[in-house]
Amino acid sequence: MKTDISKMSLPDRFEHLYSVISGKRFLEKQGLGNEVPFFLCPFKPKEYVLMEQHRRHLINRLGNDGVSVLEINLYDLSIEILKDREIWDRVLEMEESVSKEQLKELLQGVLDPQTHLVPAIAAKLATSDFDVLFISGVGEVFPYIRSHNVLNNLQSAAKEKPTVMFFPGAYTHSPESGASLDLFERLHDDKYYRAFNIFHCEP
């Protein structure tokens, strides 16, 4: 039976997350068929600050129970990549003098998921011992990084362990339009169908 997220309090939602993520079925990727072990945790944008606090608590609680979480924040990783490529200072300087569209094009190029972002994530996965991957910072990197592009390119690099993306918006399914990631519950153009809504998963 699907959980109605709209009727659940935030603490109850995190209790559900804990029950699912700490369970053997989730950790051993059971019942997924041939699908990649990608899960979306949608939340209302106005809950962002509380979600940050609850997520940190969830990571600590899971760790105390022997479930190791590797969290990758896309915003922090983006800054790390820009600094590693020695263009961070240039971006800061350009921000005042170029249009938002020009800056967006620059960032989309140097943070392209296929050629730069996902390889950086893969490198972290290769040097980390973890049971579950959390991806956060989705809202902060919009519009130069789109979540569906990250997920599409991550399929080859992160299929060994379950991945949970914390998504400020809605993950909707309809017979007419298929599945879509509606960022901030306003933008309805990111099509992605291979992830499971974690609130529809049983512990």
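Going by the structure above, here's the rest.
This one's a predicted model, so the numbers in the text were calculated from it and none came from an experiment. (Residues numbered from 1 in each chain as written. Predicted model: local features only at pLDDT ≥ 70, side-chain atom pairs only at ≥ 80, totals over all residues. Heavy atoms only, no water.)

Caption draft 1: Local environment of the pairing of strand β3 (residues 132–136). In terms of burial, β3 is largely enclosed, as 5 of its 5 residues are buried. Across the two faces of β3 the burial is the same, with Val-132, Phe-134 and Ser-136 and Leu-133 and Ile-135 all buried. When strand β2 (residues 69–73) meets β3, the two strands line up parallel, connected through 5 bridges. Paired with Leu-70 across the two strands is Leu-133, which belongs to β3. (Buried < 20%, exposed > 50% of the residue type's maximum accessible area, 1.4 Å probe, protein only. Helix = DSSP H or I, 4+ residues; strand = E, 2+ residues; numbered from the N terminus. Pairing = 2+ DSSP bridges.)

Caption draft 2: Highlighting the packing of aromatic side chains. As enumerated under the stated definition, the model contains 3 aromatic pairs in all. Measuring from centroid to centroid gives 4.9 Å for Phe-134 and Phe-166, while their planes differ by 65 degrees, and the two rings are edge-to-face. Here the residue Phe-134 occupies a position in strand β3, and Phe-166 occupies one in strand β4 (residues 163–174), the gap between them amounting to 32 residues. Per residue, the accessibility class of Phe-134 equals that of Phe-166, and both read buried. Through a chain of ring-to-ring contacts, the aromatic side chains of Phe-26, Phe-39 and Phe-196 assemble into a single cluster. Directly above the aromatic system of Phe-166 lies the positively charged group of Arg-55, at a separation of 5.3 Å from the ring centroid. Lying over the aromatic face of Tyr-18, Arg-61 brings its terminal NZ or CZ to 3.6 Å of the ring centre. (Phe/Tyr/Trp six-rings, centres within 6.5 Å; stacked < 30°, edge-to-face > 60°. Lys NZ or Arg CZ within 6 Å of the ring centre and 35° of its normal.)

Everything listed here is a matter of coordinates, which is why it stays silent on function.
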